[in-house]
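Residue-level structural notes
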Amino acid sequence: MVEASWSGGETGAIAWTMSASLEDVPRGGEQVPEVTSLERAVRAWRELSPDQRASAVLTAERPVTLADEPPVDRFVGDAIGRLAEHLPDNDAGG
């Protein structure tokens, strides 16, 4: 299992309830960012078409550290997919 954390340098769980925005995804003909929890933003990204996934930008409230990667608060395209690999098993959202 790969471990991850939100800033602070500790290894542990990702704070899936922190605020995040999913941007560069058309909504009703407009490019309106969706602000929600990190978990819901990543789950919404998974529902997009491959073209939309590639251009989507996810910005988290705080940096997230995935194992062997520097902490970042902005994920683009496939980087969101790496974050999605760590989603909790439930679909409750935050």
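The structure reproduced in this document is the subject of the present report. (Residues numbered from 1 in each chain as written. Predicted model: local features only at pLDDT ≥ 70, side-chain atom pairs only at ≥ 80, totals over all residues. Heavy atoms only, no water.)

1. Notes on the side chain of Thr36
Inspection of the secondary structure assignment puts Thr36 in strand 3 (residues 34-37). The class for Thr36 is buried, based on a relative accessible area of 17%. If near-sequence neighbours (up to four positions away) are discounted, Thr36 is found in contact with Met18, Ser19, Ala20 and Ala41. (Helix = DSSP H or I, 4+ residues; strand = E, 2+ residues; numbered from the N terminus. Buried < 20%, exposed > 50% of the residue type's maximum accessible area, 1.4 Å probe, protein only. Contact = heavy atoms within 4.5 Å.)

2. Looking at the environment of Asp24
Tracing the backbone through its elements, the reader meets Asp24 in the loop between strand 2 (19-23) and strand 3. Between the C-alpha atom of Asp24 and that of Val57, which follows or precedes it by 33 residues, the distance is 6.1 Å.

3. With respect to the nonpolar core
Counting 23 residues, the largest nonpolar core has Leu22, Leu38, Val42, Leu58, Val64 and Leu83 as the members making the most contacts within it. Those elements that place two or more of their residues in this core are strand 2, helix 1 (38-46), strand 4 (57-66) and helix 3 (78-84). (Core = buried A, V, L, I, M, F, W, Y, C linked by side-chain atoms within 4.5 Å.)

4. So, the pairing of strand 5 (residues 72-76)
Looking along a regular strand, one sees the side chains alternate between the two faces of the sheet. Here 4 bridges tie strand 4 to strand 5, and the two strands are oriented antiparallel to one another. Bridging across to strand 5, Leu58 finds its partner in Phe75. In this structure, the hairpin formed by strand 4 and strand 5 is closed by a connection of 5 residues, where Asp68 is found at a positive phi of approximately 65 degrees. (Pairing = 2+ DSSP bridges.)

5. Quick notes on the pattern of salt bridges
Under the counting rule described, the total for this entry stands at 3 salt bridges. A salt bridge links Glu61 to Arg62; the nearest nitrogen and oxygen atoms lie 3.3 Å apart. Residue class for Glu61 comes out partly exposed when judged on its relative accessible area of 47%. (Salt bridge = Lys/Arg side-chain N within 4 Å of Asp/Glu carboxyl O.)

6. Here's the deal with unusual backbone geometry
We note that Asp68 has phi near 65 degrees; this positive angle belongs to a residue other than glycine. Mapped onto the secondary structure, Asp68 falls in the loop between strand 4 and strand 5.

7. Some points on the packing of aromatic side chains
Within the structure shown, the criterion is met by 0 aromatic pairs. For the cation-ring pair, Arg53 lies above Trp45, with the distance from its terminal atom to the ring centre recorded as 4.8 Å. (Phe/Tyr/Trp six-rings, centres within 6.5 Å; stacked < 30°, edge-to-face > 60°. Lys NZ or Arg CZ within 6 Å of the ring centre and 35° of its normal.)

8. Overview of the environment of Ile14
Tracing the backbone through its elements, the reader meets Ile14 in the loop between strand 1 (4-6) and strand 2. The exposure class of Ile14 is buried, given its relative accessible area of 8%. For the pair formed by Ile14 and Pro88, sequence separation is 74 residues and the distance between their alpha carbons is 9.4 Å.

9. Describing the pairing of strand 4
Bridging between strand 2 and strand 4 involves 4 bridges; their strand directions are antiparallel. Residue pairing in the sheet places Ala20 in a bridge with Ala60 of strand 4.

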